[in-house]
Amino acid sequence: MDDFEDDEFDGPVKKFLFLNRKAPYGTIYALEGLEVVLITAAFDQDVSMVFADDGVFQIKKDQETSGINMKNFSPTYRALEGYEVEKVYAEKESLEARGLSEDDLVIPVEVLSAAELAELMDTQDVIVSF
Amino acid sequence: MSILHTVNKSPFERNTLMDCLARAKDGAAVLLIEDGVYGALAGTQASDAIAKRGAIKFYALGPDLDARGLAEKPLIDGITLIDYSGFVDLAEAHNPVQSWL
């Protein structure tokens, strides 16, 4: 690095898409996926976060986990904005199949169709699936 | 004593709810737990399978619904919400217990 004081990452920037397809508490995928996306964003990469299939349940609002003795990590999705992860999407077909709408979600998302998701996936350098 | 079936997987991701309902007789009890509680939601692609089995007694575990943010979402008619002690009561009142893992 030329500037020793500069703590900004100055390596290559790639387009990363994180495809989240699992419900939040039955498996560890959702929590692990959230941690990895925050780490990736900290390296100043071009990050998109997609919730599809049961992944849309990750961002269901009103989660209250005291009764199952597990950490409620849904508030952490609100930190995505602070990490400059601004491309956050939920798939329309997945929401509709599960009786959910944008009003049910803990963060604002751009709703896109399966066909639009296919196009988005085509534009990425790396797709990471959880 | 009738059978108690338990289902712990989302009906949108696995077939275990359908596998269970194909073998559950009228008069049996079906308890939805963990990710299985997503099957209790009204107005989804999976709702019909439970809604048309009126002769089965359906239960869902409240703490699992609460954890997933579903406490205020409408459930399929006829599903009884229970807590952990209700789970114990069901296990006591039925025999055998079949877990559709």
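Bear in mind the structure is a predicted one, so any value in this text is a computation, not a measurement.

Turning to the sheet that holds strand 1 (residues 15–20) of chain A, a few remarks are in order. Residues and elements named next belong to chain A. One open sheet accounts for 5 strands, arranged 4-3-2-1-5; its pairing is parallel. For this open sheet the edge positions go to strand 4 (110–112) and strand 5 (126–129), each flanked by a neighbour on one side alone. Each adjacent strand pair in this sheet contributes to an overall mean axis angle of 25°, direction not counted. Relative to strand 4, strand 3 (residues 87–91) runs parallel, the two being bridged by 3 bridges. In the strand pairing of strand 4, Y89 is matched with E110.

By secondary structure assignment, the location of A:Q124 is in the loop between helix 3 (114–122) and strand 5. Within polar-contact distance, the side chain of A:Q124 engages the side chain of A:T123 at 3.3 Å.

Turning next to unusual backbone geometry. Among all residues save glycine, negative phi is the norm, and among peptide bonds the norm is trans. Here the residue pair B:N95 and B:P96 is connected by a cis peptide bond, since its omega of -5° sits within 30 degrees of zero. With respect to the helices and strands, the residue B:P96 is situated in the loop between helix 4 (84–93) and strand 5 (97–100). The backbone of A:D44 sits at a positive phi, close to 55°, despite the residue not being glycine. Along the chain, A:D44 falls in the loop between helix 1 (29–42) and strand 2 (46–51). By relative accessible area, A:D44 is classed as partly exposed at 32%. With a phi close to 55°, A:N69 is a non-glycine residue in the positive phi region. One can find A:N69 in the loop between strand 2 and strand 3. Note on A:N69: relative accessible area 72%, which makes it exposed.

Another point: the side chain of B:D35. Residue placement: B:D35 occurs in the loop between strand 2 (29–32) and helix 2 (47–51). Setting aside chain neighbours within four positions, we find B:D35 in contact with A:A23, A:G26, B:N8, B:K9, B:S10, B:P11 and B:R68.

With that settled, consider the interface of chain A and chain B. Tallying the contact residues gives 20 residues for chain A and 18 residues for chain B. Across the chain A/chain B interface, buried area totals approximately 1500 Å², and carbon plus sulfur atoms make up 54% of it. Counting the surface chain A buries against chain B, the share from its top three residues, A:F57, A:I68 and A:A97, is 29%. At the boundary of chain A with chain B, the tally comes to 2 salt bridges. A salt bridge links A:D104 to B:K73; the nearest nitrogen and oxygen atoms lie 3.1 Å apart. By residue class, the composition of the side of chain A that touches chain B is 7 nonpolar, 5 polar and 8 charged.

Here we take up the pairing of strand 2 of chain B. Residues and elements named next belong to chain B. Residues A29 and L31 point to one face of strand 2 and V30 and L32 to the other, with burial holding for every one of them. Read from strand 1 (residues 4–7) through helix 1 (residues 16–23) to strand 2, the crossover connection turns out right-handed. As paired strands, strand 2 and strand 3 (residues 57–61) are joined by 4 bridges and run parallel to one another. Considered in strand 3, the bridge of L31 is made with Y59.

A few words now on the confidence of the model for chain B. Overall, the prediction assigns chain B a mean pLDDT of 97, with 100% of residues at 70 or greater. Complex prediction metrics read pTM 0.94 and ipTM 0.95.

Residue and element names in this part refer to chain A. A cluster of acidic residues, E93, E110, E116, E119 and D122, forms a negative patch at the surface. If one sorts the elements of the negative patch by residue count, helix 3 sits on top with 3 residues. Within the secondary structure layout, E110 lies in strand 4. Residue E110 is classed as partly exposed on the basis of its relative accessible area, which comes to 48%.

Residue and element names in this part refer to chain A. On inspection of all chains with the given rule, the structure shows 6 aromatic pairs over all chains. A centroid spacing of 5.7 Å and a plane angle of 75° characterise the contact between F51 and Y77, whose relative ring orientation is edge-to-face. With F51 in strand 2 and Y77 in the loop between strand 2 and strand 3, this pair connects stretches of sequence that are 26 residues apart. Y77 shares its class with F51; the two are buried.

Definitions and cut-offs
- Residues numbered from 1 in each chain as written.
- Chains lettered and ligands numbered in written order.
- Predicted model: local features only at pLDDT ≥ 70, side-chain atom pairs only at ≥ 80, totals over all residues.
- Heavy atoms only, no water.
- Pairing = 2+ DSSP bridges.
- Helix = DSSP H or I, 4+ residues; strand = E, 2+ residues; numbered from the N terminus.
- Axes fitted to C-alpha atoms, helices over the stretch in contact; angles between N-to-C directions.
- Polar contact = N/O pair within 3.5 Å; in protein donor to acceptor, adjacent residues only side chain to side chain.
- Buried < 20%, exposed > 50% of the residue type's maximum accessible area, 1.4 Å probe, protein only.
- Contact = heavy atoms within 4.5 Å.
- Buried area = accessible area lost by both parts, 1.4 Å probe.
- Salt bridge = Lys/Arg side-chain N within 4 Å of Asp/Glu carboxyl O.
- Nonpolar A, V, L, I, M, F, W, Y, C, P; charged D, E, K, R; others polar.
- Right-handed = clockwise from strand over helix to strand, strands pointing away.
- pLDDT = per-residue confidence, 0-100.
- Patch = residues over 30% accessible without salt bridge, like charges linked within 9 Å, V, L, I, M, F, W, Y side chains within 5 Å.
- Areas by Shrake-Rupley, 256 points an atom, 1.4 Å probe, with all protein chains shown as cover.
- Lys, Arg positive; Asp, Glu negative; His and termini not counted.
- Charge placed at Lys NZ, Arg CZ, Asp CG, Glu CD.
- Phe/Tyr/Trp six-rings, centres within 6.5 Å; stacked < 30°, edge-to-face > 60°.

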